[in-house]
Protein chains: 2
Amino acid sequence: MAKRRGRRTGGTEVNYKKELESAAKSMILVHEPDTLIRMIVRRIVQKVQVSHAAILLQQKDRDTYVLSVSRGLTGLKVPAGFVRMDRDNPLINFFVQHKDDFVLHGGVLIYDRVKKIITRRIKSQPHRLLKRVLHQMDIFEAEVCIPSYFRDELLGVLFLGKKKNCKRFVRQELDFFVALASDVSMAMRNAQLFKELAQELDKNRRLFINTTIALAAAIEAKDNYTRGHTARVTNLSLEIAKKLNQKDNNALNEKFFDDLHIASLLHDIGKIGIPEHILNKEGPLSAEEKKRMEDHSVVGVNILQSIKELEDSMLGVKYHHERYDGSGYPEGLKGKQIPLIAAVIAVADAFDAMTTNRPYRRGLTKDEAVQEIMRTRGQQFDPEVVTAFLVLYEEGKI
Amino acid sequence: MAKRRGRRTGGTEVNYKKELESAAKSMILVHEPDTLIRMIVRRIVQKVQVSHAAILLQQKDRDTYVLSVSRGLTGLKVPAGFVRMDRDNPLINFFVQHKDDFVLHGGVLIYDRVKKIITRRIKSQPHRLLKRVLHQMDIFEAEVCIPSYFRDELLGVLFLGKKKNCKRFVRQELDFFVALASDVSMAMRNAQLFKELAQELDKNRRLFINTTIALAAAIEAKDNYTRGHTARVTNLSLEIAKKLNQKDNNALNEKFFDDLHIASLLHDIGKIGIPEHILNKEGPLSAEEKKRMEDHSVVGVNILQSIKELEDSMLGVKYHHERYDGSGYPEGLKGKQIPLIAAVIAVADAFDAMTTNRPYRRGLTKDEAVQEIMRTRGQQFDPEVVTAFLVLYEEGKI
């Protein structure tokens, strides 16, 4: 199949058909618009050996066009993103209005041809506009400009500088650029759709987290003495998990961090069921009241158990009062039976509770609380989690 | 540019280059895998005039292949989704293992060629496997099979039946199919990625709504007499909005419904700040307690006001106790000053409150409550919203 093609194109030895196929194939799999554009321009400059190439791209508002990349083998020519044009720009105006014009030779605007038309005053061309178009091409040192449309919309313009060998572009090359510019439009549209979808997803994730944060904070506000507790436990849990991850060669995946984030935000959600007079009682609780308090981890799970996506987070909510020696609640799990997500929250939760003032006792200082956590390491707390916690402490991050 | 090509291909008059370009362009913009496959198969059958065509596609588990479509000009040949193959299937096995095999002539498995190799016992081909491959081609009445790979992975196999004119496929046609099959792989991969992203987005939306539902239900549980109130108000609000939309030529967009959904779920969220003894008080409230109760709409907004995406929903939370004649709270808005989202919730909320039993009074019957809402239409309630509500009532949906 590898026939020799491109021999006639004045010294270049590019197999344009293959080049186009391979370009189209890479394009469809690149969903990051900026990466896509950089890739295409690099390809053109390398394969066709032009001094520089750039792409002017329609922005989301549909009225502005920005020069996305301009790069030659000798380096950057025009700073990317520096040039911004609207529909009033002569070049944009020309392409939007004149897309079937005879000035556009086979879909390409060629500098020499425009010059000839102007000097020979051929036909009744609007010379004022053409002169201004030529001036724009001068500014960008563009030999040719290739517009690219999707349906009737101008999506972008490909600019090419002179060929390195100083020869003219031949028809085969121009045809290649027209086909390429068209593929680029399709791929860009595809990439933009992809990006929009990804942004939507991102926005939705933030909405979920932020709403959960707000509702958790509102629920916590019932308990006079724990203001800010949820936020502090969440931050500390995530920091501890990062340290664990560093030590453990990134064994924790992104999902673990997402689950931990949700779990620590919701770890006390079950307290919503506890009457305020128990929650805010000044002084020790009766046995029954204590039982009611301890129920909160299970109540929390009951509230959210129907949500399949929160399954793993719920392990953190349910077991964050288990103790490493098996003396915790609700199930008396022991050692590594306790899910890591719960073991992390346990340390963060205990540290924050110890350092908070209550009406019937002053909170411990940070140093005292750390001492206490070290003392009960292996009894109350998972030793590995405590190690990670201590690293944070020694780094002054607690 | 429209040169005549394809003349040599035994009677067909297909310009394969143009055909391929146009196919590739449609493909990149179709992000629904099933639609994409149907489109491609239809195109092949029409342009190349074959009796039938089908595509066997790798599934997400990477080990199963399913026949996605099989359609000829005479109708469906094999029910789509009916055929499922794993890596043990001789055909799949052959393509996975033998992709550079000389049996594959220029990337295509041709029925006649396989038969010839078997009967002439050419080379040391594994005839056992080849015979089984041939049997598979018999089953699908496949003249040719074209595999398509992404890197080293078999993504799919294109099956083609006989040409309508009963001639053999020529090289130019086969080359076209190979290129097409390769484009299909890329496009399918793209479409699958797109679908996964869209599904992820969908999952995330559900997670957000479900978590909000669960937390709202937990908050509501504090108030002994309103169990299920939030869910009922939410359902009724959405039904009223649908009726309004029908009457108003679909003037309400999807975002309005999303906002209304969230707003009605959260309309009483501010009650979280009200002490239980006020919330559950049996008998009329004192002036101060009443004030505390009325604060709930503003408190609800305070809880969530930092979340930009909930801005429009918050209008529903804040103003659902405004009255059409301006005598409501918190701001005493009048008539159409009251955002529609709040006017809808107001009717749904009032109807549910009226029909619920309280310890100090029995709830009204449905009919009585509807009478009451009609009576205060234009005073307490937005007349248009009441009209939509009445339509629901008359249809027996309340």
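Residues numbered from 1 in each chain as written. Chains lettered and ligands numbered in written order. Predicted model: local features only at pLDDT ≥ 70, side-chain atom pairs only at ≥ 80, totals over all residues.

## Side note on the overall build of chain A
Next, step 1: Looking only at helices and strands, chain A features 15 helices and 7 strands.
Next, step 2: Here chain A holds 398 residues, and 35% of them are scored as buried.
Next, step 3: In chain A, 60% of the contacts between residues at least 6 apart in sequence involve partners at least 24 apart. (Helix = DSSP H or I, 4+ residues; strand = E, 2+ residues; numbered from the N terminus. Buried ≥ 20, exposed ≤ 12 C-beta atoms within 10 Å, placed from the backbone. Contact = placed C-beta atoms within 7 Å.)

## With respect to the domain arrangement of chain A
Next, step 1: Per the domain assignment, the segments making up chain A are domain 1 (16-194) and domain 2 (221-394).
Next, step 2: Domain 1 of chain A and domain 2 of chain A are separated by 59 Å when their C-alpha centres are compared. (Domains from an automatic or database assignment.)

## Quick notes on the environment of A187 of chain B
Next, step 1: Looking at the element boundaries, A187 of chain B is found in helix α6 (residues 171-220).
Next, step 2: Considered as a pair, A187 of chain B and Y329 of chain B are 142 residues apart in the sequence and their alpha carbons are 56 Å apart.

## A word on the nonpolar core
Next, step 1: Ranked by internal contacts, the top residues of the largest apolar core, which has 88 residues, are V347 of chain A together with V347 of chain B.
Next, step 2: If you look at the next biggest cluster of nonpolar residues, it comprises 52 residues, including L56, V103, L109 and V184 of chain A. (Core = buried A, V, L, I, M, F, W, Y, C linked by C-beta atoms within 7 Å.)

## Details of helix α11 (residues 296-304) of chain A
Next, step 1: Turning to α11 of chain A, its buried residues number three or more, namely H296, S297, G300, V301, I303 and L304 of chain A. The arc that holds the buried residues of α11 of chain A, viewed along the axis, is 155°, so those residues lie on one side.
Next, step 2: Packed against the buried residues of α11 of chain A are α8 (254-266), α10 (287-294) and α12 (311-319) of chain A together with α6 of chain B. (Arc of directions from axis to C-beta.)

## Points about unusual backbone geometry
Next, step 1: Between Y329 of chain A and the following residue, P330 of chain A, the backbone shows a cis peptide bond with an omega angle of 10°.
Next, step 2: In this fold, P330 of chain A is placed in the loop between α12 and α13 (340-354).
Next, step 3: Positive phi outside glycine occurs at N250 of chain B, with the angle close to 55°.
Next, step 4: When you line up the elements, N250 of chain B lands in the loop between α7 (229-247) and α8 (254-266).
Next, step 5: Owing to 8 C-beta atoms within 10 Å, N250 of chain B belongs among the exposed residues under this scheme.

## Description of the relation of the copies chain A and chain B
Next, step 1: Overlaying chain A with chain B gives an RMSD of 0.2 Å, the required rotation being 180° about an axis along which the chain moves by 0.1 Å. This pairing of chains is accounted for by a two-fold axis. (Least-squares fit on C-alpha atoms with pLDDT ≥ 70 in both.)

## Brief notes about α8 of chain A
Residues and elements named next belong to chain A.
Next, step 1: Its 13 residues give α8 an end-to-end C-alpha distance of 19 Å, which sits within 8% of 18 Å, the value for a rise of 1.5 Å per residue.
Next, step 2: Those residues of α8 that sit buried are D259, L260, I262, A263, S264, L265 and L266.
Next, step 3: The elements touched by buried residues of α8 are α6 (171-220), α7 (229-247), α11, α12 and α13. (Expected span 1.5 Å × (residues − 1).)

## Observations concerning the interface of chain A and chain B
Next, step 1: Facing the 36 residues of chain A at the interface are 37 residues of chain B.
Next, step 2: Listed by contribution, the elements that provide at least two residues to the side of chain A that touches chain B are α1 (16-29), α6 and α11 of chain A.
Next, step 3: Counting residues per element, the side of chain A that touches chain B draws most heavily on α6 of chain A, at 21 residues.
Next, step 4: Here the side of chain A that touches chain B is built from residues that sort into 22 nonpolar, 6 polar and 8 charged. (Nonpolar A, V, L, I, M, F, W, Y, C, P; charged D, E, K, R; others polar.)

## Describing the environment of I338 of chain B
Residues and elements named next belong to chain B.
Next, step 1: Counting through the fold element by element, I338 comes out in the loop between α12 (311-319) and α13 (340-354).
Next, step 2: Judged by C-beta crowding, with 23 C-beta atoms within 10 Å, I338 ranks as buried.
Next, step 3: C-alpha separation for the pair I338 and R323, spaced 15 residues apart in sequence, amounts to 8.1 Å.
Next, step 4: Among all residues touching I338, those that are not within four sequence positions of it are Y319, E322, L333, A343 and D382.

## Side note on the packing of α8 of chain A against α12 of chain A
All names here are of chain A.
Next, step 1: The contact between α8 and α12 brings their axes to 8 Å, and the two run at 40°. Of the possible angle classes, the one that applies to α8 and α12 is oblique. Both α8 and α12 take part in a crossing whose hand is right-handed. Residues D259, L260, I262, A263, S264 and L266 of α8 pack against D312, S313, G316 and V317 of α12. (Axes fitted to C-alpha atoms, helices over the stretch in contact; angles between N-to-C directions. Parallel < 35°, antiparallel > 145°, perpendicular 65-115°, else oblique. Left-handed = near helix turned anticlockwise from the far one by under 90°.)

## As for the packing of helix α2 (residues 33-48) of chain A against α6 of chain A
Residues and elements named next belong to chain A.
Next, step 1: The interhelical angle for the contact between α2 and α6, taken along N-to-C directions, is 165°, at an axis separation of 9 Å. Considering the angle they form, α2 stands roughly antiparallel to α6. Where α2 crosses over α6, the handedness of that crossing is right-handed. Here P33, L36, I40 and V48 of α2 lie close against α6, whose contacting residues are E173, V184, A187, M188, A191, Q192 and K195.
Next, step 2: Taken together, the residues that form the contact of α2 with α6 break down as 8 nonpolar, 1 polar and 2 charged.

## Re the confidence of the model for chain A
Next, step 1: Chain-level statistics for chain A give a pLDDT mean of 84 and a share of 89% at 70 or above.
Next, step 2: In the model output, the complex is listed with pTM 0.74 alongside ipTM 0.72. (pLDDT = per-residue confidence, 0-100.)

## Focus on the environment of K163 of chain B
Residues and elements named next belong to chain B.
Next, step 1: Checked against the element boundaries, K163 lands in the loop between β7 (153-160) and α6.
Next, step 2: Take K163: there are 19 C-beta atoms within 10 Å of it, and that puts it in the partly exposed class.
Next, step 3: Sequence spacing of K163 and H52 is 111 residues, and the spatial spacing of their C-alpha atoms is 8.7 Å.
Next, step 4: Apart from residues no more than four positions distant in its own chain, K163 is found in contact with Q49, V50 and F169.

## Section: the pairing of strand β7 (residues 153-160) of chain A
Residues and elements named next belong to chain A.
Next, step 1: In terms of burial, β7 is largely enclosed, as 7 of its 8 residues are buried.
Next, step 2: Two strands pair when backbone bridges link them, and strand β1 (residues 53-58) and β7 are joined in this way by 5 bridges, in the antiparallel orientation. Counterpart to L57 in the pairing with β7 is G156.
Next, step 3: In this structure, strand β6 (residues 144-150) lies alongside β7, joined through 7 bridges in antiparallel fashion. Bridging across to β7, C145 finds its partner in F159. (Pairing = 2+ DSSP bridges.)

## Section: the pairing of strand β1 (residues 53-58) of chain B
Next, step 1: Counting buried positions along β1 of chain B yields 6 of 6 residues, so the element is predominantly enclosed.
Next, step 2: Residues of β1 of chain B alternate between two faces, with A53, I55 and L57 of chain B on one and A54, L56 and Q58 of chain B on the opposite face, all of them buried.

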